[in-house]
Amino acid sequence: MRPSFRPLLFCLSLLSLPTLAATVSDLYQVRETVASQQPEERDAALQRAVETLVMRLTGKPDAAKGSALAELRKDPQQIISQYGYEGDHLVVDFDAVSTDRSLRQAGLPLWGVNRPAILAWWLNETVDGGNIVGDGQAAAEPLREAAQHRGLPLRLPLADLSEQLVATKEALGAKDPGELRSASERYGADALLAVRTSETDGKWQASWQLWLGDDHDQGKAEAADQAALADAVLLAVSERLAPRFVVAPGASSTQTVEIIGADLSRYAELQRVLEPFGAQLQSVQADRLIYKVNASAEQLRTQLGLLQLHEVSAAELAVEAPAPAEPQAPVDASQAPVAPQAAPPTSPASASGDVLYFRW
């Protein structure tokens, strides 16, 4: 089959595929609070917006303050496409192409728009007990704003009665998220975030835990109010996640990737995850798709892992494949036996090490 089947595949529904890795559509838009629309207030907000964006894209809190971006700090307009006011916010739209180019020229790593979807079990504790913040509740708005500010695709549970009974402070504080994992399966997220918050002496504190696959992180945060606390927690989460996904300039190279176990329902999701790497479909062989991409091997492993793809070696595939039967020539009993001929050496160009293999 030739790659001309692509338009047909793009038209197919993905309802049967759990939505995991999420594309952050507003990654290059930053909203900063302002006290007025005076020029000096605007300029300060533009500087903060640049710092927020650089943190989103690099995962490095102090990257925007380094000498490599000194010219950008002096004139942030060179990467801004437009800005305007919405209430007490200055909304800044940055140009993605010029922003990425400036960061690469500064030698900074970049984290693309495809990011792990995070399901947050957020428990606000009071003297009367605790309540999980659910999707659609008024208490969810500060969490959504903080997630947008930090460039993270955040999901919230429905927080119905059954989930309130499961997501207790004991469950959210446990090192083993077994019960939470079971309750989270219906939401199809990549990462699980458990947060417990409380107020003491007019300040809000949070303890949080994050699970991404087998990796586990935890931390604490403190702020003056719940909105600032949500931002502090999600900033910390972003700092922990970014090193797994960012790639420094020059770390990418042309790679051949073979995906095993592909079907029509998985094709478009795979295209979306590989698109930032300039993926070119080379061939289709039954349930195998072969791509050329421009990326590092580590970046491919982390991004494809979001689709539950697992890397396998050429040796593993060779063991699984049935050996082809060799045709046997008729034996002439009157002739002397012929010594077996040595197989020709394998060409380095065809070595399996040149290909990365992933399978569902």
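Residues numbered from 1 in each chain as written. Predicted model: local features only at pLDDT ≥ 70, side-chain atom pairs only at ≥ 80, totals over all residues. Heavy atoms only, no water.

The name given to the protein in an unreviewed UniProt entry is DUF2066 domain-containing protein, and the organism recorded there is Pseudomonas straminea.

J.: Looking at this structure, I do not really get the environment of Asp 135. What am I missing?
T.: With respect to the helices and strands, the residue Asp 135 is situated in the loop between β7 (129-132) and α5 (141-150). Classification of Asp 135 by relative accessible area gives partly exposed; the value is 41%. Taking the C-alpha atoms as reference points, Asp 135 and Leu 158, separated by 23 residues in sequence, lie 5.3 Å from one another. If sequence neighbours within four positions are ignored, Asp 135 has contacts with Arg 144, Leu 156, Pro 157 and Leu 158. (Helix = DSSP H or I, 4+ residues; strand = E, 2+ residues; numbered from the N terminus. Buried < 20%, exposed > 50% of the residue type's maximum accessible area, 1.4 Å probe, protein only. Contact = heavy atoms within 4.5 Å.)

J.: Where do I start with the sheet that holds strand β4 (residues 89-94) in this structure?
T.: Pairing between sheet strands relies on hydrogen bonds along the backbone, with the strands arranged either parallel or antiparallel. Strand order in this open sheet of 3 strands is β2-β4-β3, and the pairing throughout is antiparallel. Unpaired on one side and paired on the other, β2 (29-33) and β3 (80-86) mark the two borders of the sheet. The mean inter-strand angle of the sheet, taken between neighbouring strand axes irrespective of direction, is 20°. For β2 and β4, the ladder comprises 5 bridges, and the chain directions are antiparallel. Note that in β4 the partner of Gln 29 across the bridge is Asp 93. (Pairing = 2+ DSSP bridges. Axes fitted to C-alpha atoms, helices over the stretch in contact; angles between N-to-C directions.)

J.: Please explain the confidence of the model for the protein as it appears in this structure.
T.: Fine structural detail should not be taken from predicted coordinates in areas where pLDDT scores are low. The share of residues in the protein with pLDDT of 70 or more is 84%, and the mean pLDDT across the chain is 85. Predicted confidence for residues 1-19 stays below pLDDT 50, and this span has 23 contacts to residues more than four positions away or in other chains. Every residue in residues 340-353 is under pLDDT 50, and counting partners more than four places away or in other chains gives 4 contacts. (pLDDT = per-residue confidence, 0-100.)

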